[in-house]
Amino acid sequence: MARGADIKTPEGIASFTADLFEARERENGGKSYDFTILFPKTTDLAALKQVVVTVCKDEWGEKAVQMLNDGLIKSPFLDGDGKQGISTKTGERHPGYAGKTFIRCTSGDKYRPKVVNRQVLPVTEVADIPSGSRVSAVVNPYTWEHKTNGKGVSFGVSLVQVVKKAEGDEILGGGGGPAPEKYFEAIADEGDAPAETKTGAGAKGFFG
C-alpha cells in the first residue's frame, strides 16, 4: 500500500458526521471512523486528483494513469448523481448528493480524526457538526488491492474543520437529526406544571 501526501480539501459539505465520533463496523471487518465530503461539480478538485495520480504511480508505475482512465483502478471521486449516491438500505438517493462529486474519508479505530471549529478549538459532539455543515479537511490518498474487489484508491482523514455549522433546512440526513427550531417555537413560561404531572403517574395522570 502506498500513502500519499496530506492535503487540505476545498470547502465542501459534510455527510454522515456521526461516524467522526464513534467508530463503526466495516463490511470487511474491523472498525473505522468515517465521513463523506460533498463538492459541487463546479469545484476545482485538480490538486486532490493530482495527489491521487501520484500515489497510484508510486504503487503501480506509469501505467497507473491509463489504468485510472480505464477504470481498472477504482477512483475515490464518486458521482452523487449516479448509483454511488443511492443508499443501499433504502434505495433512495442520499439527501444533498444530487449535483455533487463526493469522497469518502476514513481513519482506523485507533486514530480518531481531530475535529475543530473556526477558532481551531476542539469539537467533541456531533451536534456541533451536523451533516450539511460546511467543512474543509486534511486528507491523504492511499492505495489498496483486494483479491475480489480489485485495485483502488481511498482517502484517509486526520483533521476536519467546521467552517459553518448546518442549521435548519441545511441539515442533511446521515447525522445530526432534525433541527428543533424547524418544528418548535419557544413556549413562554406560564407557571407551575399541571398537577397531574406531579403525582408520579406520568402519562397515566392525563389519561386515567
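Residues numbered from 1 in each chain as written. Predicted model: local features only at pLDDT ≥ 70, side-chain atom pairs only at ≥ 80, totals over all residues. Heavy atoms only, no water.

A separate point is the pattern of salt bridges. Side-chain pairs of opposite charge can arise where the charged atoms are in close proximity. Summed over the entire model, instances satisfying the criterion amount to nine salt bridges. Two residues, Lys57 and Glu62, come together in a salt bridge whose shortest N-O distance is 3.7 Å. Given the relative accessible area of 60%, Glu62 is considered exposed. Between Glu145 and Lys151 there is a salt bridge, with its nearest N and O atoms 3.3 Å apart. Connected via shared salt-bridge partners are Asp19, Arg24 and Asp34. (Salt bridge = Lys/Arg side-chain N within 4 Å of Asp/Glu carboxyl O. Buried < 20%, exposed > 50% of the residue type's maximum accessible area, 1.4 Å probe, protein only.)

A word on helix H1 (residues 46-60). For an α-helix, 3.6 residues make a turn, and residues three or four places apart therefore share a direction. End to end, H1 covers 21 Å across 15 residues, agreeing with the expected 21 Å (1.5 Å per residue, within 8%). Looking only at H1, the buried set comprises Leu48, Val51, Val52, Val55, Cys56 and Trp60. The arc enclosing the buried residues of H1, seen along the axis, measures out at 145 degrees, which places them on a common side. Summarising the contacts, the buried residues of H1 are in contact with strand S1 (7-8), strand S4 (31-40), helix H2 (64-69), strand S5 (73-74), strand S9 (134-146) and strand S10 (150-164). Residue Gly61 follows H1 closely and has a positive phi angle near 80 degrees. (Helix = DSSP H or I, 4+ residues; strand = E, 2+ residues; numbered from the N terminus. Expected span 1.5 Å × (residues − 1). Arc of directions from axis to C-beta. Contact = heavy atoms within 4.5 Å.)

Here two bridges tie strand S2 (residues 12-15) to S9, and the two strands are oriented antiparallel to one another. Pairing of Gly12 across the sheet is with Val135, part of S9. Bridge analysis of S2 against S4 gives three bridges, and the strand direction is antiparallel. In the strand pairing of S4, Ile13 is matched with Leu38. (Pairing = 2+ DSSP bridges.)

Another point: unusual backbone geometry. In this structure, Phe16 is a non-glycine residue whose phi angle is positive, near 60 degrees. Within the element layout of this structure, Phe16 appears in the loop between S2 and strand S3 (24-25). A positive phi angle, near 60 degrees, is found at Val120, a position not held by glycine. Take Val120: its relative accessible area is 56%, and that puts it in the exposed class.

Without other data, these values stay purely geometric and don't point to any function.
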